[in-house]
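A look at the structure
Now for the letters of each chain:
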Amino acid sequence: MTGCAKPPPPVLIPVAETLREPCVGPPVEPVQTIGDLAVFSVRQEAVIAVCDARRAGAVALIDQRNAQVTPTPWWRFGR
């Protein structure tokens with residue numbers, strides 16, 4: 001009977017190595033002038049943007065996979 005069948009094992013979501021790498025900020029150098037602070041701020045913003053893009057990529061992969069494997073509740077069949 002198919003009702004007693006064991007469900008197949010879940011498929012693993014492949015995660016790219018770039019998504020596994022930790023976020024590393026710009027080198028912390030002595031900030032002695034306003035110009036140094038501005039340069040550091042621009043570098044820091046770039047690092048945050050790259051990390052956020054990686055995070056968004058991981059979330060998109062997981063959301064896509066979850067949409068594929070989310071079962072329809074039995075009471076919604078036939079609607």
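In this report, the structure presented in the accompanying data block is examined. (Residues numbered from 1 in each chain as written. Predicted model: local features only at pLDDT ≥ 70, side-chain atom pairs only at ≥ 80, totals over all residues. Heavy atoms only, no water.)

What to know about the state of the cysteines
Quick reminder of the rule: Any two cysteine sulfur atoms within 2.5 Å of one another count as a disulfide. Comment: elements are numbered from the N terminus, with helices defined as DSSP H or I runs of at least four residues and strands as E runs of at least two. Each residue gets one of three labels from its accessible area relative to the maximum for its type: buried under 20%, exposed over 50%, partly exposed in between, using a 1.4 Å probe on protein chains only.
If you walk through the whole model with that rule in mind, you get one disulfide. Paired through a disulfide, Cys23 and Cys51 show a sulfur-sulfur distance of 2.1 Å. Taken together, the residues Cys23 in the loop between α1 (17-20) and α2 (34-69) and Cys51 in helix α2 connect sequence positions 28 residues apart. Take Cys51: its relative accessible area is 13%, and that puts it in the buried class.

Points about the pattern of salt bridges
Side chains carrying opposite charge are able to pair once their charged atoms draw close together. Stated precisely, the cut-off is as follows: Salt bridge, as used here, is a side-chain nitrogen of Lys or Arg placed within 4 Å of a carboxyl oxygen of Asp or Glu.
Summed over all chains, the structure comprises one salt bridge. For the salt bridge of Asp52 with Arg55, the shortest nitrogen-to-oxygen distance reads 2.8 Å. Residue Asp52 and its partner Arg55 are both found in helix α2; the two are separated by three residues, about one turn of the helix. Take Arg55: its relative accessible area is 45%, and that puts it in the partly exposed class.

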